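Each chain is listed here by its residues.
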There are 2 protein chains.
Amino acid sequence: MYSQTAPLAANSGRPADVPALPLNQVVLGDSVREMAALPPGSVDLVFADPPYNLQLGGELKRPDESRVDAVDDAWDQFESFQAYDAFTRAWLLAARRALKPNGTLFVIGSYHNIFRVGALMQDLGFWILNDIIWRKANPMPNFRGRRFTNAHETLIWAARSADAKYTFNYEALKAGNDDVQMRSDWLFPLCTGQERLKDAGGRKLHPTQKPEALIARILLSATKPGDVVLDPFFGSGTTGAVAKRLRRSFIGIEREEAYAEAARTRIDAIEPLSEEALVAPPSAREAPRVAFSALVERGLVTPGAELTDAKGRFRAVVRADGTISLSGGQNVGSIHRVGALAQGAEACNGWTFWHVEQEGRRHPIDVLRARLRAEMGIAAE
Amino acid sequence: MYSQTAPLAANSGRPADVPALPLNQVVLGDSVREMAALPPGSVDLVFADPPYNLQLGGELKRPDESRVDAVDDAWDQFESFQAYDAFTRAWLLAARRALKPNGTLFVIGSYHNIFRVGALMQDLGFWILNDIIWRKANPMPNFRGRRFTNAHETLIWAARSADAKYTFNYEALKAGNDDVQMRSDWLFPLCTGQERLKDAGGRKLHPTQKPEALIARILLSATKPGDVVLDPFFGSGTTGAVAKRLRRSFIGIEREEAYAEAARTRIDAIEPLSEEALVAPPSAREAPRVAFSALVERGLVTPGAELTDAKGRFRAVVRADGTISLSGGQNVGSIHRVGALAQGAEACNGWTFWHVEQEGRRHPIDVLRARLRAEMGIAAE
DNA sequence: CCGAGTTATGAATCCCACA
DNA sequence: ATGTGGGATTCATAACTCG
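This structure is a prediction, so every number in the text was calculated from the model and none was measured.

Caption draft 1: Structural detail: the overall build of chain A. Looking only at helices and strands, chain A features twelve helices and 14 strands. Projected onto the principal axes, the alpha-carbon positions of chain A cover approximately 90 × 50 × 40 Å. For chain A, contacts bridging at least 24 residues in sequence account for 67% of all contacts bridging at least 6. Within the structure as shown, chain A displays about 16600 Å² of accessible surface, and the carbon and sulfur contribution to it stands at 51%.

Structure representation (C-alpha cells):
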C-alpha cells in the first residue's frame, strides 16, 4: 500500500496455519469476530472508541430553538447495563487476545460508559497505566443550565498485564512539551471544519469523529514507527489516517460499509510524513484563564472583603461563591455585571473596574489575577 | 454549636423512635454502621473520599502496588477487586439510604478505584449527573518516567435517582466564573502549606487531605446554606471545616480516633462567613412568578398597546385580559403562544420576544416585569 | 479584498409548577 | 400519576453574507 518501516516483518516467518495480518486495510465486519480471526499476540496497540450507550431521552433544543443533532444511531442502543457489559467484555477479551504481550490498549468514553469499561478491564487482567482526560477546548454548552458543561472525555491506557514492558516515548513527549513531563490532561478542540468528513448532502458523515490531534498524541506516546495499531470501531478511519501519516501500520474493523468506504478514500489521500518529521512538534502554551471565584477559593480575596471602583464611589462585597453584591441594594452578580449595574452601563470589565485595598494600598483586582496566574504558572495551560 | 439557618428544623417533629441527626459532630465508628444508624432520607449531600487501599481481612492488596506471582496474578486480583466491590457496595447503599430523595452524592477517586465505584453507583440506581476532573495545578511528577504525570483525580456527581429534583446553583457558579458556565474540569492546587494539617512530629497528619477550595466548590454547587452534608470518610475533617465556614451543617464519620480528634479541633477554630457573603444570588428560575396580566392590571402596559418583536417584523395588540392578538390574523393567546405562532416556532419566551415602545424607546416587556417585581419587592417590606 | 454581522453546530443521559 | 403550558436556557469556532 505505502512504504512502511516494518510492515513485512509482521507477516514474515509465520506458520502456514496462521492467517496473515490484514495490514493497512479496512475490514468490513463485526469487531469481535474479526478480532478473533487475527493471529493472537499480533498487534502493538489497540485504540477503541466503542459505543457510549448514551441513553438519551427526548429531543433537546438550544435556547434559539434549533434542534441538537443527537447520537441516536442503532449501534448506540443497549437494552440494559447488563447487555452493555456483555458487549464490552466480549470485545475487550478479543482485543486482549490480539495484543502482543507488551502491547497496550487505549479506550475512550464518557461517564455513561467509561466506568463500566474500566472496571471490566481490571476484571480481565488489564493493568491500568493512566486515565487521561481529553479537555475539550470548545465543548457543547449545557443548554438548560442543569449541570456542569460536559467538557471532557476520558481515556484509559492499560497494558495487557501488570508485568508488561510497554512502549512509552517519554523523552519525545517531554521534549515536545517545553521540557516538562506530559500530564494526564490533554487539551484539544473538537473535530470540526475542514477536518470533519461530510456526506454527499454536506452533513457530518459520522456522529462521533475524533480529532486527528488526539489520536496522534496517542500513537506518538505508545507506539514506534512500523508498529501495528488495531482499531475495532474504525468509523470514519481517523486512526488509519493518523497511523499512515505517522508511518504506523493499522488494521481497521468497521461494521457499516458506508463508513468503511469513506475511511478507505480518506486514508488513500494521506501522504506519510518524512522520517525526520516524526518528532513531536513543540506545543504552544496559552494564557491561563482565571475566574474571579478562583481568587476567592485561593484566598487572594476573602469573602466579605469590600471592593470599590478607582475613585471609591461604588462599593461591593465579595461573596463566597465568587459573585459580589452592590452595597445599598440587593444586586448580586458577577464582577462584570455588578460593575455595569453600578455605573448604569451596559458592560464593564470588572477586572479593571473593581479595586481592593490591601496593605494600605488600593489596586485593581486584575493585579491579584496576575499574581494567581504567576502562582499557577506552567500547569494552567 | 454555631448559628445555622436551619439545623433545628432537621431534627424537629420526628417520631420518638427516629434517632436525632448528630449534626455538626464527628462520629467515631464504622462508616456503614454509623450511616445505618441515621434516619433514612435525612441528608442533602454526601461527599465521600473512600479509601482504595483497604486491608479487608488481609485479602485486599493495594491495586496499584500488588506484586504477586504471575501464576496467582489474575486470581489474586479478582479476589481483591471482589472485596473492594463488596465494601463499596455496602457504603454506597448506606449513603443512598441516608440521602433525601432529591439529595446528591459526590465521590472522589483515582483510576485505581473510581471505575469500580462508578459502575456500582449505576448498578445501584444512582443517576450520574457529571463526572468532574480535578486538575492538579502542582501534581507530583512521575519519577520513573514510565507514565504520564498523574495530574488529576475524578469526581462523580450523581443524584439518588434519575427523576430527582436536585440542587444546582447554576447562576451563582456562572456569575463567579466570568459569566460563562462552569465546566466539568476544575483547576486547584494540592493541599499544601499552612492548610495542610501536621502531627506532633511536623509530618502530614493525613495522607490524602483534600484542598478546602475543592470542597467549597462542591458545597457551593450543590447545597444551600443550612443543608446537611454527610461525609462517611471524614479523615482530617475538611468537609466539616468548609461546611461550617459556608454555614452548612455536617455529619462526619471517622474510624480513627486520632483523625476525629484533629478534625474536631480544626473545625472548632473555624469562623462561619457572614450571611451577606452567602445569600444566594437571585436566579430567574426562583424569581416570583409575575403574569403578563398583572402588568396590564397595574397599568404598566395599557390594553390596546402594540407589541412588536425586536426587529419590528411582527405586531400584536394587548388585550384587557392579558392575552394578545396577532395583527393580521385572529390568533389570540398568551404572549408565549402568540410569539411562537408568529415565528412558526414550537416555543417562545414572550417576555424577551415582545417589545413595547415607551418614551420613544423600544424595550422588551421583560423590563416592565422587572420594574413590577421591584415595586412588589418594596411593597412587601 | 476586508471587516462586520449572521448563521450553523458539536458523543447531551438538559424544566417544573400546577391542575 | 399524567398532561398542560409557562417560560428559562448556550460557548467556541467556522462558514457564510453583505457592504
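Caption draft 2: The protein's contact with DNA strand D, seen in detail. Residues and elements named next belong to chain B. Around DNA strand D, the surrounding shell holds 28 residues, and the nearest of these are Tyr 170, Lys 174, Gln 181, His 336 and Arg 369. Of all atoms in DNA strand D that approach within 4 Å of the protein, 62% are sugar or phosphate atoms. Take Tyr 170: an N or O atom from its side chain is 2.6 Å from a phosphate oxygen of DNA strand D. Measuring from a phosphate oxygen of DNA strand D, one finds a side-chain N or O atom of Trp 351 at 3.4 Å. Those elements that provide at least two residues to the surface near DNA strand D are helix H5 (170-175) and helix H10 (335-343).

Caption draft 3: Representation of the protein's contact with DNA strand C. Residue and element names in this part refer to chain A. Inspection of the region around DNA strand C gives 38 residues, with Gln 55, Arg 62, Tyr 111, Met 140 and Arg 144 positioned closest. The sugar and phosphate moieties of DNA strand C supply 45% of its atoms located within 4 Å of the protein. Separating a base nitrogen of DNA strand C from a backbone N or O atom of Asn 138 is a distance of 3.4 Å. Within the backbone of Arg 144, one N or O atom sits 2.3 Å away from a base oxygen of DNA strand C. Tallied by class, residues from the surface near DNA strand C come to 19 nonpolar, seven polar and twelve charged.

Caption draft 4: Representation of the pattern of salt bridges in the model. One pass over the full model with this rule turns up 40 salt bridges over all chains. Ionic pairing is found between Lys 61 of chain A and Glu 65 of chain A, a salt bridge with its closest N-O pair at 3.6 Å. Looking at Lys 61 of chain A, the relative accessible area reads 22%, which means it is partly exposed. With relative accessibility at 28%, the residue Glu 65 of chain A sits in the partly exposed group. Residues Arg 315 of chain B and Glu 306 of chain B are paired through a salt bridge, measuring 2.6 Å at the closest nitrogen-oxygen approach. Overall, Glu 306 of chain B belongs to the partly exposed group, its relative accessible area being 41%.

Caption draft 5: Spotlight on the interface of chain B and chain A. Taken together, the contact pairs 76 residues of chain B with 79 residues of chain A. Across the chain B/chain A interface, buried area totals approximately 6900 Å², and carbon plus sulfur atoms make up 50% of it. Run the count over chain B and chain A and you get six salt bridges. The shortest N-O distance in the salt bridge between Asp 185 of chain B and Arg 135 of chain A comes to 2.7 Å. Put simply, the parts of the chain that give the side of chain B that touches chain A at least two residues each are helix H3 (70-98), helix H4 (114-123), strand S4 (127-136), strand S5 (152-159), H5, strand S6 (185-188) and helix H6 (212-222) of chain B. Top element by residues in the side of chain B that touches chain A is S4 of chain B. It accounts for nine residues. Across the side of chain B that touches chain A, the residue classes tally to 42 nonpolar, 17 polar and 17 charged.

Caption draft 6: Representation of the sheet that holds strand S6 (residues 185-188) of chain A in the model. Residue and element names in this part refer to chain A. An order of S1-S8-S7-S2-S3-S5-S4-S6 is seen for the eight strands of this open sheet, with the pairing classed as mixed. The two strands at the open ends of the sheet, each matched to only one other strand, are strand S1 (25-28) and S6. Along the sheet, successive strands turn relative to each other by an average axial angle of 20°, direction set aside. As paired strands, strand S4 (residues 127-136) and S6 are joined by four bridges and run parallel to one another. Residue Lys 136 lies in a different strand from S6, and its bridge partner there is Phe 188. Against the sheet, helix H3 (residues 81-98) contacts strand S2 (43-48), strand S3 (99-109) and strand S7 (228-231), and its axis sits at roughly 145° relative to S3.

Caption draft 7: Summary view of the sheet that holds strand S8 (residues 249-254) of chain B. All names here are of chain B. Strand order across the open sheet formed by eight strands is S1-S8-S7-S2-S3-S5-S4-S6, with mixed pairing between neighbours. Of all strands in the sheet, those with a lone pairing partner are strand S1 (25-28) and S6, marking the two edges. Direction aside, neighbouring strands of the sheet carry axes that sit 20° apart on average. The strands touched by helix H8 (residues 257-268) within the sheet are S1 and S8, with S1 carrying the most contacts at an inclination of about 175°.

Caption draft 8: How the structure looks around the packing of helix H7 (residues 238-245) of chain B against H8 of chain B. All names here are of chain B. Put simply, H7 and H8 touch, their axes get as near as 9 Å, and they point 20° apart. Considering their axes alone, H7 and H8 lie roughly parallel with respect to each other. Viewed along their axes, H7 and H8 form a crossing whose handedness is right-handed. In contact with Thr 238, Gly 240, Ala 241 and Lys 244 of H7, H8 contributes Arg 266, Ile 267 and Asp 268. Here the contact of H7 with H8 is composed, by residue class, of two nonpolar, two polar and three charged.

Caption draft 9: Representation of the environment of Pro 232 of chain B within the structure. Residues and elements named next belong to chain B. For Pro 232, the position within the fold is in the loop between strand S7 (228-231) and H7. Owing to a relative accessible area of 1%, Pro 232 belongs among the buried residues under this scheme. C-alpha of Pro 232 to C-alpha of Ile 218: the two residues are 14 residues apart in sequence and 16 Å apart in space. Residue contacts for Pro 232: discarding those within four places in its chain leaves Ser 31, Met 35, Val 46, Phe 47, Ala 48 and Ile 253.

Caption draft 10: Focus on helix H10 (residues 335-343) of chain A. Considered for burial, the residues of H10 of chain A that qualify are Ile 335, His 336, Val 338, Gly 339, Ala 340 and Ala 342 of chain A. One or two steps after H10 of chain A, the chain reaches Gly 344 of chain A, where phi turns positive at roughly 70°.

Caption draft 11: Looking closely at unusual backbone geometry. In this structure, Asn 24 of chain A is a non-glycine residue whose phi angle is positive, near 55°. Inspection of the secondary structure assignment puts Asn 24 of chain A in the loop between helix H1 (7-11) and S1. A relative accessible area of 6% means that Asn 24 of chain A is categorised as buried. In the Ramachandran plot, Arg 247 of chain B falls in the positive-phi region, its phi being about 60° despite a non-glycine side chain. Here Arg 247 of chain B lies in the loop between H7 and S8. Look at Arg 247 of chain B and you get buried, because its relative accessible area is 12%.

Caption draft 12: Highlighting the environment of Pro 288 of chain B. Topologically, Pro 288 of chain B is positioned in the loop between H8 and helix H9 (292-297). Between the C-alpha atoms of Pro 288 of chain B and Met 376 of chain B, which are 88 residues apart in sequence, the distance is 9.9 Å.

Rules used in this analysis
Residues numbered from 1 in each chain as written. Chains lettered and ligands numbered in written order. Predicted model: local features only at pLDDT ≥ 70, side-chain atom pairs only at ≥ 80, totals over all residues. Heavy atoms only, no water. Helix = DSSP H or I, 4+ residues; strand = E, 2+ residues; numbered from the N terminus. Contact = heavy atoms within 4.5 Å. Areas by Shrake-Rupley, 256 points an atom, 1.4 Å probe, with all protein chains shown as cover. Near = heavy atom within 4 Å. Polar contact = N/O pair within 3.5 Å; in protein donor to acceptor, adjacent residues only side chain to side chain. Nonpolar A, V, L, I, M, F, W, Y, C, P; charged D, E, K, R; others polar. Salt bridge = Lys/Arg side-chain N within 4 Å of Asp/Glu carboxyl O. Buried < 20%, exposed > 50% of the residue type's maximum accessible area, 1.4 Å probe, protein only. Buried area = accessible area lost by both parts, 1.4 Å probe. Pairing = 2+ DSSP bridges. Axes fitted to C-alpha atoms, helices over the stretch in contact; angles between N-to-C directions. Parallel < 35°, antiparallel > 145°, perpendicular 65-115°, else oblique. Left-handed = near helix turned anticlockwise from the far one by under 90°.

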